[in-house]
Amino acid sequence: MISALNRLVALVEEHLTEEFDVDAAARTLGTTEYHLRRMFSSLAGMPLSEYVRRRRMTVAAGDLVRGKDDLLSIAVRHGYGSTEAFGRAFRVVHGARPSDVRRDGGPLRTQPQLRFRLTVEGSIPMDTRIVDRPAFRLVGHSARVPLIHQGINPHIQRHIAALPQEEHARLKDLGDAEPGGLLQVCDDLDPDGTEGSELTYLHGVAVAQGTPTPGDLDAIEVPAGKWAVFHTAGPHPQTLQEAWAATATEWFPSNPWRLRPGPSIVAVLERADDFSIATCELWLPIEPA
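The rules we used
- Residues numbered from 1 in each chain as written.
- Predicted model: local features only at pLDDT ≥ 70, side-chain atom pairs only at ≥ 80, totals over all residues.
- Heavy atoms only, no water.
- Helix = DSSP H or I, 4+ residues; strand = E, 2+ residues; numbered from the N terminus.
- Expected span 1.5 Å × (residues − 1).
- Bend = angle between axes of the 7 residues up to and from the residue.
- Buried < 20%, exposed > 50% of the residue type's maximum accessible area, 1.4 Å probe, protein only.
- UniProt positions renumbered as here; feature names shortened; annotations may be inferred.
- Contact = heavy atoms within 4.5 Å.
- Core = buried A, V, L, I, M, F, W, Y, C linked by side-chain atoms within 4.5 Å.

Caption draft 1: Layout of helix α10 (residues 238-254). For α10, spanning 17 residues, the distance from its first C-alpha to its last is 23 Å, which sits close to the expected 24 Å at 1.5 Å a residue. The largest bend in α10 comes to about 50 degrees, at T247.

Here it is in structure tokens:
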């Protein structure tokens, strides 16, 4: 995966002046667009689309400073149909207008070309198992919430707090499939993992496909497939979020698997009364790389 990401960076450089086809790049690299975007954003700390824009504007700034071409020619060269559209994109990256940069030589916020390296530490092994599951259904109460990378998500907190206590008991009684217990489910996640982007959060349980479910509950159909299950224990939610990040930085680059589209699931196995400490399982849908 690290080699594939570095080849992706090289492809971006080759196509800076045209629309970048991520799906075609993924096929060239022998992977999927979904997995490529997820791994890139996790390791680079920014979506692939944002990196492409920053690199394009970095090169465009060099063209402006050299002053050999007019502004419209530079805008068209870098994929913009007008100087106005180019100027807006330029200001987002550099915080200055193209005319200011041409006159003053700056200010500029340069995006260097990325290089990915794998640092193998191995001091903290990841407690993982691979599970092959038949198709099942996730049922419960869902809501659209923004993605938050660190700390407690207050939107999810409010969603769960709004449910009557007896509803949690009803859901527990419905669950009859693995992963067991009340589940925290994230679906429709932006492959770029952009903070603030919306996802579907479901508070519910797993049931077998043939299990009758009440009509007042939301449902997510989950196809048969393999899952990587990561066991975590410690301060919550920090330990869980760190493990989630480590799947991209450590586990996937070192193992012959890649993410496939589907929900990510957290099963809380044990927890303190105030939820400050918890033992969890993180379920991620995978397929052979």
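Having seen it, we continue.
Caption draft 2: Quick look at unusual backbone geometry. In this structure, P179 follows E178 across a cis peptide bond, with omega equal to 0 degrees. As for its position among the elements, P179 is in the loop between α9 (165-174) and β3 (183-187). Despite not being glycine, D188 has its phi angle at roughly 55 degrees, a positive value. Owing to a relative accessible area of 49%, D188 belongs among the partly exposed residues under this scheme. Even without glycine at this site, F275 takes up a positive phi of about 65 degrees. When you line up the elements, F275 lands in the loop between β8 (264-271) and β9 (277-288). Since its relative accessible area comes to 26%, F275 is described here as partly exposed.

Caption draft 3: Examining the UniProt feature "domain: HTH araC/xylS-type" (unreviewed entry) in the chain more closely. The UniProt record annotates "domain: HTH araC/xylS-type" (unreviewed entry) at residues 6-104. In residues 6-104, the share of helix is 74% and the share of strand is 0%. The end C-alpha atoms are 34 Å apart.

Caption draft 4: View of the environment of T128. Mapped onto the secondary structure, T128 falls in strand β1 (residues 128-133). Under the relative-accessibility criterion, T128 is labelled partly exposed at 25%. In the structure, T128 is positioned 44 residues away from K172 in sequence and 25 Å away in space, judged by C-alpha atoms. Ignoring sequence-local partners within four residues, the contact set of T128 consists of A228, V229, F230 and W251.

Caption draft 5: The nonpolar core, seen in detail. Among the nonpolar cores identified, the biggest contains 21 residues, and L8, F20, F40 and L48 are the most heavily contacted of them. For this core, the element with the highest residue contribution is helix α1 (residues 2-14), accounting for seven residues. Other than its neighbours up to four places away in sequence, L48 contacts L8, V12, F20, V22, R37, F40 and D192. One finds Y34, F252, V266 and C280 within the second-largest nonpolar core, a separate group that totals 16 residues.

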